Amino acid sequence: MLGKLLKYEFKSTARTFLPLYALVIVFSFIFKLSIELEKNLNVSIFSMFLSIIYAILIIGVIAITFVVILQQFFKTLLGDEGYLMFTLPVEPHLHIFTKLITAFSWIIGSTIVSILSVIILAFSKTIFADIANVLKEIPTDMLVQILIIIIFAGISSILMIYASMSIGQLITGHKIIGSVAAYLGIYFAYQILYSIILVIIIAISPNFFYNLAFDGITLLIFTSVMSGIQIINSIVYFIITNYIFKNKLNLE
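Since this is a predicted model, take the numbers as computed values, not measurements. (Residues numbered from 1 in each chain as written. Predicted model: local features only at pLDDT ≥ 70, side-chain atom pairs only at ≥ 80, totals over all residues. Heavy atoms only, no water.)

Whenever I open this one, the overall build of the chain confuses me. Can you help?
Scanning the chain for helices and strands turns up nine helices and zero strands. Put simply, the chain runs from its N terminus to its C terminus through helices and strands in the order α-α-α-α-α-α-α-α-α. Looking at the chain residue by residue over its 252 residues, the buried ones come to 37%. A separation threshold of at least 6 residues defines the contact pool for the chain, and within that pool the share at least 24 residues apart is 79%. Summed over its atoms, the accessible surface of the chain is roughly 15100 Å², and 76% of this surface lies on carbon and sulfur atoms. (Helix = DSSP H or I, 4+ residues; strand = E, 2+ residues; numbered from the N terminus. Buried < 20%, exposed > 50% of the residue type's maximum accessible area, 1.4 Å probe, protein only. Contact = heavy atoms within 4.5 Å. Areas by Shrake-Rupley, 256 points an atom, 1.4 Å probe, with all protein chains shown as cover.)

As structure tokens, this is what we get:
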């Protein structure tokens, strides 16, 4: 059943993302071509105009990704379509997994497209060798650890949004306001918690940031702790969302 839900979800959202990705890539080639032409002809006519459009496109990719993540969850599960979705013989946690997997996939897709567009604009005969040389300067274990944190932080952030909207829908007639209030409440609560943890760490180890930059063991401990926190957060958000869907769902 998860496979069928994912197929439907990807098909529904692909109509927005695939044309957008194609537009960004095509425009990147056009922008690159205009830069090369102006360089060869020693003129500067369209670069500023095209750079503004390019910036709007990249910001648009980020904004649309965020909006679709919110819209798909709210509209299909907490809005009018929720009546249909929750009449299906599907456990609530499968709906959550479907939205999470789809959302995270499109975030990765948007990131890849944005990076690819930058590579197109900066393309030269040595660009891939230059990128490889830069990556060689960064320890592999550090890259892996940072990547792990980013992945878990991304998952946690998505589930935090889902939990906030699930809490917000409990307020009949003010679901959006309730969702925003719930998100801000959770966000500020964790910011305070993280600040307290950071103060404690610095009090215990005044050279923490120096060690973090130059000591592999300190970095490993830090990334492990941060990943653990994000995993715990994700589990808590998931439990909250699943509980509300099973026991407190309000589609009015």
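Would you mind showing me how to read a nonpolar patch on the surface here?
Side chains of Ile176, Val180, Tyr183, Leu184, Tyr187 and Phe188 sit close together on the surface and give an oily, nonpolar patch of about 570 Å² of accessible area. The residue Tyr187 is located in helix α7 (residues 175–204) in this model. (Patch = residues over 30% accessible without salt bridge, like charges linked within 9 Å, V, L, I, M, F, W, Y side chains within 5 Å. Salt bridge = Lys/Arg side-chain N within 4 Å of Asp/Glu carboxyl O.)

What should I look at first to understand the environment of Pro92 in this one?
Examined against the element boundaries, Pro92 turns out to sit in helix α4 (residues 92–121). On the accessibility criterion, Pro92 (11% relative accessible area) is buried. Placed 150 residues apart in sequence, Pro92 and Asn242 show a C-alpha to C-alpha distance of 6.2 Å. Setting aside chain neighbours within four positions, we find Pro92 in contact with Asn242, Phe245 and Lys246.

Explain the environment of Val24 here, please?
With respect to the element layout, Val24 can be found in helix α1 (residues 2–41). The buried category is assigned to Val24, whose relative accessible area is 1%. Between the alpha carbons of Val24 and Val61 there is a distance of 8.5 Å; along the sequence they are 37 residues apart. The contacts of Val24, once residues within four sequence positions are left out, are Leu57, Ile58, Val61, Val113 and Ser117.

I would appreciate a short explanation of empty space enclosed by the protein in the present structure.
By rolling a water-sized probe across the atoms, one finds the places where empty space is left. Counted by the stated rule, this structure contains one cavity of 30 Å³ or more. Computed from the structure, the largest cavity encloses a volume of approximately 70 Å³. Around the largest cavity, the lining residues are Glu9, Thr13, Phe17, Val68, Ile69, Gln72, Lys99, Thr102, Ala103, Trp106 and Tyr162. Taken together, the elements giving at least two residues each to the lining of the largest cavity come down to α1, α2 (47–78) and α4. A class-by-class count of the residues in the lining of the largest cavity yields six nonpolar, three polar and two charged. (1 Å grid on protein atoms, 1.4 Å probe; cavity = no way out; pocket = protein on both sides within 12 Å on 5 of 7 lines; lining within 4 Å. Points joined across faces, edges and corners; volume = space filled by probe spheres on them. Nonpolar A, V, L, I, M, F, W, Y, C, P; charged D, E, K, R; others polar.)

Help me out: how do you make sense of the nonpolar core in this one?
Nonpolar side chains in soluble globular proteins tend to end up buried together. If you look at the biggest cluster of nonpolar residues, it comprises 24 residues, and the most contacted ones within it are Phe73, Ile158, Leu159, Tyr162, Met165, Tyr237 and Phe245. Of all the secondary-structure elements, those providing two or more residues to this core are α2, α4, α6 (140–168), α7 and α9 (216–247). The biggest single contributor to this core is α6, with seven residues. If we ignore the near neighbours within four places in the chain, the residues touching Leu159 are Ile96, Leu100, Ser234, Tyr237, Phe238 and Thr241. Listed in part, the 18 residues of the second largest apolar core include Leu20, Tyr21, Tyr54 and Ile120. (Core = buried A, V, L, I, M, F, W, Y, C linked by side-chain atoms within 4.5 Å.)

Help me out: how do you make sense of the packing of aromatic side chains in this one?
To describe a pair of aromatic rings, you give the distance between the ring centres and the angle between the ring planes. Under the criterion given, the structure shown has 13 aromatic pairs. Residues Phe73 and Phe245 carry aromatic rings whose centres are separated by 5.8 Å and whose planes lie at 20 degrees to one another, so their mutual orientation is stacked. With Phe73 in helix α2 and Phe245 in helix α9, this pair connects stretches of sequence that are 172 residues apart. For Phe73, a relative accessible area of 0% corresponds to the buried category. The buried category is assigned to Phe245, whose relative accessible area is 4%. Aromatic rings pair up to connect Phe10, Phe17, Tyr21 and Trp106 into one cluster. (Phe/Tyr/Trp six-rings, centres within 6.5 Å; stacked < 30°, edge-to-face > 60°.)

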